[in-house]
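# Close look at the chain arrangement
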Amino acid sequence: MVMVFYGSNGKSNPVSMENKVEHQTENQITYDIHLPSSLGTLYKVRLGLQSLENNISQLSLRHFKIQNISTLDTFSLSINKTLPLSPNGDRWIEFPIQWPLKEAFSVVTYHLTIFSRNILNERNLLHMTACIYGTHGDTGDRSLLQSLQNVQQGEKNESFLVIVDAVDLGELEKIVLLISSKTDCKLDIKKLHVQEAAKEHPIYVFEVNEEFSVNANKPKMQREIPASFVIRGGNQKNDIDNNLKKEGSQVKNLTEYTIKVYTGDKRGAGTDANVHIILFGNEDKSEVFQLSQSLEHQNPFERGKVDTFKIKTKKLGSLCSIEIGHDGKGFASGWFLEKVEITDAARNSIHCFNCNRSVDQSIITLYMLFSF
């Protein structure tokens, strides 16, 4: 069993309960957990099974109680659920924590509708999760292909519904998709819709329009998808038309950047980790981009190689710095980064960010050396 604790200042890493048993009786287990005070006031707990691939294991939960041993503030809740929630279904549940004199969030059922071209044909070969982020936190990675509902399949398009129960996320901001497969697959996703099950509006629209190619060299892919627009009700047709016009205007205002990443030519310089980048200008900063689709190499960031990536984002102004790093995953994740060159198509300028050192930590900040 694993727990993730959400506080007013952030969330904890997944906490395994395996070696934290303090006291155990027939129907009750007490765990001793030390959380950093920097989390702030706890408002939510996400609880799930450690093994996401073992379909046999089950966990019956009857009651949950948490006590702050310093203040003796106590919260308790009757759960009466068994994980997974259904055969091959969601292995996570989450619930709000209500402390004395503190108002708790409510649990919301979200409907996530996926519009695609070929997921239904490939679903037995794929593992696909989504993490929905809002102003009040995130859902964690939730499986998408295990319990599909309201499946609709046409000649070219298809859609299906996934139900996610989570503590109120507030205004939705982005979705992170994680797609993996043990065999070669192509996955064409058009867009995602998210709304509360109890409400017709708002509907958050996340445009994807991408074909994902998963193979032996890239068995796992991650994409961060910001909200494209929100349908807030009223005259729905006019609302959609207005938002589509707004989206079209936003697309016109996007700036394309060409990013060239130079990996050093020395022993052990390459990395198999997942690399990401954020661009900072004098007017704004970009979202996080995963650098996974190199224009030159199927396996990017190898010793002595140059990899080119193209991204589109909002106008940032004149580039002044970048943040680049990796998740440390994969064999030989250490990476010697020589430099990064970024071409701003709108300004017809090239910006150079030198590094010339190993990137063993999760992220580093590079400032512009020169531009031309």
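To be clear, the structure that these remarks concern was listed above.
Notes on the structure follow. Quick caveat: nothing in here was measured; it's all calculated off a predicted structure.

The rules behind these values
- Residues numbered from 1 in each chain as written.
- Predicted model: local features only at pLDDT ≥ 70, side-chain atom pairs only at ≥ 80, totals over all residues.
- Heavy atoms only, no water.
- Helix = DSSP H or I, 4+ residues; strand = E, 2+ residues; numbered from the N terminus.
- Buried < 20%, exposed > 50% of the residue type's maximum accessible area, 1.4 Å probe, protein only.
- Contact = heavy atoms within 4.5 Å.
- Core = buried A, V, L, I, M, F, W, Y, C linked by side-chain atoms within 4.5 Å.
- Pairing = 2+ DSSP bridges.
- Salt bridge = Lys/Arg side-chain N within 4 Å of Asp/Glu carboxyl O.
- Phe/Tyr/Trp six-rings, centres within 6.5 Å; stacked < 30°, edge-to-face > 60°.
- Lys NZ or Arg CZ within 6 Å of the ring centre and 35° of its normal.
- Polar contact = N/O pair within 3.5 Å; in protein donor to acceptor, adjacent residues only side chain to side chain.

Right, let's talk about the overall build of the chain for a bit. In terms of regular secondary structure, the chain is built from two helices and 29 strands. When the 372 residues of the chain are sorted by exposure, 43% land in the buried category. Taking the intrachain contacts of the chain between residues at least 6 apart in sequence as the baseline, contacts between residues at least 24 apart amount to 65%.

Residues Met 128, Ile 189 and Leu 192 are the most contacted members of the largest nonpolar core, which totals 33 residues. Elements with a minimum of two residues in this core: β10 (107–116), β11 (126–134), β15 (158–167), β16 (172–181), β17 (185–196), β18 (203–214) and β19 (220–226). Leave out the neighbours within four places in its chain, and Met 128 touches Ile 114, Ile 119, Arg 142, Ser 143, Leu 144, Leu 145, Leu 177, Leu 178, Ile 179, Leu 187 and Ile 189.

It is worth spelling out the pairing of strand β27 (residues 349–358) at this point. Here eight bridges tie strand β26 (residues 336–344) to β27, and the two strands are oriented antiparallel to one another. Paired with Thr 343 across the strands is Ile 350, a residue of β27. Hairpin connection from β26 to β27: four residues lie between these consecutive antiparallel strands, with Asn 348 at a positive phi of about 55 degrees.

Attention now goes to the side chain of Thr 255. You can see Thr 255 is positioned in strand β21 (residues 255–263). Beyond its immediate chain neighbours, meaning those up to four positions away, Thr 255 contacts Ile 311, Lys 312, Thr 313, Lys 315, Asp 344 and Ala 346.

A complete count under the given rule lists 14 salt bridges for this structure. For Lys 11, the salt bridge goes to Asp 138, with nearest N and O atoms at 3.0 Å. One end of the pair, Lys 11, is in strand β2 (residues 10–11); the other, Asp 138, is in strand β12 (residues 137–138), with 127 residues separating them in the sequence. In the salt-bridge network here, residues are joined through shared partners; they are Lys 11, Lys 44, Arg 46, Glu 94, Asp 138 and Arg 142.

Centre-to-centre distance and the angle between the planes together describe a pair of aromatic rings. Inspection of every chain in the model, using the stated rule, returns five aromatic pairs. Ring centres of Tyr 6 and Tyr 43 lie 6.3 Å apart, and the angle between their planes is 65 degrees; on these two criteria the pair is classed as edge-to-face. Residue Tyr 6 is found in strand β1 (residues 2–7), and its partner Tyr 43 is found in strand β6 (residues 42–48); the two are separated by 37 residues along the sequence. A centroid spacing of 5.5 Å and a plane angle of 75 degrees characterise the contact between Tyr 43 and Phe 105, whose relative ring orientation is edge-to-face. Placement of Tyr 43 in strand β6 and of Phe 105 in the loop between β9 (92–96) and β10 is noted, with a sequence separation of 62 residues between them. A relative accessible area of 30% means that Phe 105 is categorised as partly exposed. Among the aromatic side chains, those forming a connected cluster through ring pairs are Tyr 6, Tyr 43 and Phe 105. Here Arg 46 stacks its cationic end above the ring of Trp 92, 5.1 Å away from the centre of that ring.

Burial of β9 is extensive: five of the five residues sit out of reach of the surface. Of the two faces of β9, both are covered, the one formed by Trp 92, Glu 94 and Pro 96 as well as the one formed by Ile 93 and Phe 95. Pairing analysis gives five bridges linking β6 to β9, with the strands arranged antiparallel. The residue bridging Gly 48 from the neighbouring strand is Trp 92, located in β9.

What follows covers the environment of Ile 189. Position of Ile 189 among the secondary structure elements: in strand β17. Residues Ile 189 and Glu 211, 22 residues apart in the sequence, show an inter-C-alpha distance of 6.4 Å. Those residues in contact with Ile 189, other than ones at most four positions away along the chain, are Ile 114, Phe 115, Ser 116, Ile 119, Met 128, Leu 177, Ile 179, Val 208, Asn 209, Glu 210 and Phe 212.

Only a minority of non-glycine residues have a phi that is not negative, and only a minority of peptide bonds are not trans. Residue Pro 202 follows His 201 across a cis peptide bond; omega there is 0 degrees. Its location among the elements puts Pro 202 in the loop between β17 and β18. A positive phi angle, near 55 degrees, is found at Asn 80, a position not held by glycine. Structurally, Asn 80 can be placed in strand β8 (residues 74–83). For Asn 80, a relative accessible area of 53% translates into the label exposed.

Of note, Lys 44 is situated in strand β6. Setting aside residues no more than four positions away along its own chain, Lys 44 makes contact with Val 4, Phe 5, Tyr 6, Glu 94, Phe 95, Pro 96, Ile 97, Asp 138, Val 167 and Leu 169. Polar contacts involving the side chain of Lys 44 include one to the side chain of Glu 94, which spans 2.9 Å.

By the element assignment, Glu 302 lies in the loop between β23 (289–290) and β24 (306–313). Classification of Glu 302 by relative accessible area gives partly exposed; the value is 29%. Distance from Glu 302 to Thr 271, taken between C-alpha atoms, is 6.4 Å for residues 31 residues apart in sequence. Setting aside residues no more than four positions away along its own chain, Glu 302 makes contact with Thr 263, Gly 270, Thr 271, Asp 272 and Asp 307.

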